[in-house]
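Here is what each chain is made of, one letter per residue.
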Amino acid sequence: SVGGVLGYTAMLLAPSWQWMLVAISFSQIPYALVGPSFGAFIAENSSEKNRGKVYGITDTIFQITGVIGPPLGGFLTQYYGFKIMMLGSALLYAIAAGLRIWMATTMSASSDRHPQKLTASSFKTSLSSMWAMLIGGGVITWIFVTDGVRDIAFRLSGELQPLYLEQVAGISLVQIGLLGSIFSLAMMITPMLSGMISDRFGERVPISMGFLMVFAAFMIFLQVDVFLGFAITWVVFGFGVGLLSPAYQSLISKVVPQNLLGVFSGMFRSSLGLISLPAPWIGAQLWERFSPRLPFIITAAVALLTVIPTWFKFKMPDKPDPPADL
């Protein structure tokens, strides 16, 4: 939380883009620390048969912030400038950080939990176990491969979307903010559905459906040039991403041993961030050297192709039937 406050303050005061890079790095500290442990926390406090639903509910609630934030940010930016928007963001984050720190200092942890002591030896053992699972050729290997390819492809075009909307399609900043709100509203609809489908039919079903919807959204995106068309695009995007997230989290929680969930989430995110690091720069080069549409075409193709390994490899091993009573 302290790192986030420092990051937002630095972004507000940054005199150049070089300083802005440093500020953004600080602002990512809370995400890097909280993100990996959040999924493990949910897995520890939910039963396997209902875990998909729990992930779906939490994803749905979280999207409320995405409904309010983007249009407010677009309004402040268009009518008062980026500085005022950043000031508002910094103030809101400081309030949230204060609440987090208050909770951390006043609430005690559950007495029945016995977390593993962090030592160099235990950390090395956990990493060795995770590495063996990643290269073992099973479901975890394919989760890493598909999510890695997806992350590279999505970052290839993700940072370029606002530029495309403003410079190519001529969409205003307020409208871009409204699209973010539309995305979050649409994404609120499908996480619980994704969780229920995961619990009943397996995670590969909503994940495959999600990738197909993302592909369809990109196809619409590349054909339209008015706000209504982009609004429809962002609705389909929201449906697709809402199907993906809870199912992925549920699948990971089932195939990774519970005592390694935190380590896996941290290692997984770090690895994905590392391999996708040059993707935005590559996307920008494709935009400038060939066409603004090319990064989005590549991302769409990857979303479609990912359905194949998802459907055939994301199968949970059958559990043996319990012995009959004699």
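Cut-offs and rules
Residues numbered from 1 in each chain as written. Predicted model: local features only at pLDDT ≥ 70, side-chain atom pairs only at ≥ 80, totals over all residues. Heavy atoms only, no water. Axes fitted to C-alpha atoms, helices over the stretch in contact; angles between N-to-C directions. Helix = DSSP H or I, 4+ residues; strand = E, 2+ residues; numbered from the N terminus. Parallel < 35°, antiparallel > 145°, perpendicular 65-115°, else oblique. Left-handed = near helix turned anticlockwise from the far one by under 90°. Contact = heavy atoms within 4.5 Å. Phe/Tyr/Trp six-rings, centres within 6.5 Å; stacked < 30°, edge-to-face > 60°. Buried < 20%, exposed > 50% of the residue type's maximum accessible area, 1.4 Å probe, protein only. Core = buried A, V, L, I, M, F, W, Y, C linked by side-chain atoms within 4.5 Å. Arc of directions from axis to C-beta. Patch = residues over 30% accessible without salt bridge, like charges linked within 9 Å, V, L, I, M, F, W, Y side chains within 5 Å. Areas by Shrake-Rupley, 256 points an atom, 1.4 Å probe, with all protein chains shown as cover. Salt bridge = Lys/Arg side-chain N within 4 Å of Asp/Glu carboxyl O.

### A few points about the packing of helix α10 (residues 191-201) against helix α12 (residues 227-255)
Packing of α10 against α12 brings their axes to within 7 Å, and their N-to-C directions diverge by 40 degrees. Between α10 and α12, the angle falls in the class oblique. Crossing of α10 against α12: the hand is right-handed. When α10 is examined against α12, the residues Pro 191, Ser 194, Ser 198 and Asp 199 are found in contact with a partner set consisting of Gly 242, Leu 243, Pro 246, Ala 247 and Lys 254.

### Remarks on the packing of aromatic side chains
Summed over the entire model, instances satisfying the criterion amount to twelve aromatic pairs. Arranged with centres 6.1 Å apart and planes meeting at 65 degrees, the rings of Phe 75 and Tyr 80 form a pair that is edge-to-face. Phe 75 gets classed as partly exposed once you look at its relative accessible area, which sits at 38%. Their ring planes at 75 degrees and their centres at 6.4 Å tell us that Phe 230 and Trp 234 sit as a pair that is edge-to-face. Taken as a pair, Phe 230 and Trp 234 lie in helix α12 at a separation of four residues, close to a single helical turn. Judged by relative accessible area, Phe 230 falls into the buried class, the value being 0%. The exposure class of Trp 234 is buried, given its relative accessible area of 8%.

### Regarding the environment of Pro 162
With respect to the element layout, Pro 162 can be found in helix α8 (residues 161-168). When its relative accessible area of 39% is taken as the criterion, Pro 162 is described as partly exposed. The spacing of Pro 162 and Gly 177 is 15 residues in sequence and 9.6 Å in space, taken between C-alpha atoms.

### Brief notes about the nonpolar core
Among the nonpolar cores identified, the biggest contains 40 residues, and Ile 143, Leu 165, Ile 207, Phe 221, Phe 230, Val 256 and Phe 296 are the most heavily contacted of them. Residue assignment for this core shows that the elements contributing at least two residues are α7 (139-158), α8, α9 (173-187), α11 (204-221), α12, α13 (261-275) and α15 (294-305). Looking at which element gives the most residues to this core, the answer is α12, with eleven residues. Filtering out sequence-adjacent residues up to four positions away, Phe 221 remains in contact with Tyr 164, Leu 165, Phe 230, Thr 233, Trp 234 and Phe 296. Counting six residues, the second largest nonpolar core, distinct from the first, contains Leu 12, Ala 23, Leu 76 and Met 86.

### A few points about α10
For the α-helix, the turn length of 3.6 residues means that residues three or four positions removed from each other point alike. The complete set of buried residues in α10 reads Pro 191, Ser 194, Gly 195, Ile 197 and Ser 198. Down the axis, α10 shows its buried residues gathered within 165 degrees of arc, on one side only. Opposite the packed face of α10, turned more than 90 degrees from it, sit the exposed residues Arg 200 and Phe 201. Two residues or fewer after α10 comes Gly 202, characterised by a positive phi angle close to 105 degrees.

### Quick look at a nonpolar patch on the surface
On the surface, Val 2, Leu 6, Trp 19, Val 22, Phe 26, Ile 29, Leu 33 and Ile 101 cluster together to form a nonpolar patch covering roughly 780 Å² of accessible area. Of all the secondary-structure elements, those providing two or more residues to the nonpolar patch are α1 (2-13), α2 (17-27) and α3 (29-44). Among the elements that make up the nonpolar patch, the one with the highest residue count is α2 (three residues). Here Leu 33 lies in helix α3.

Without other data, these values stay purely geometric and don't point to any function.
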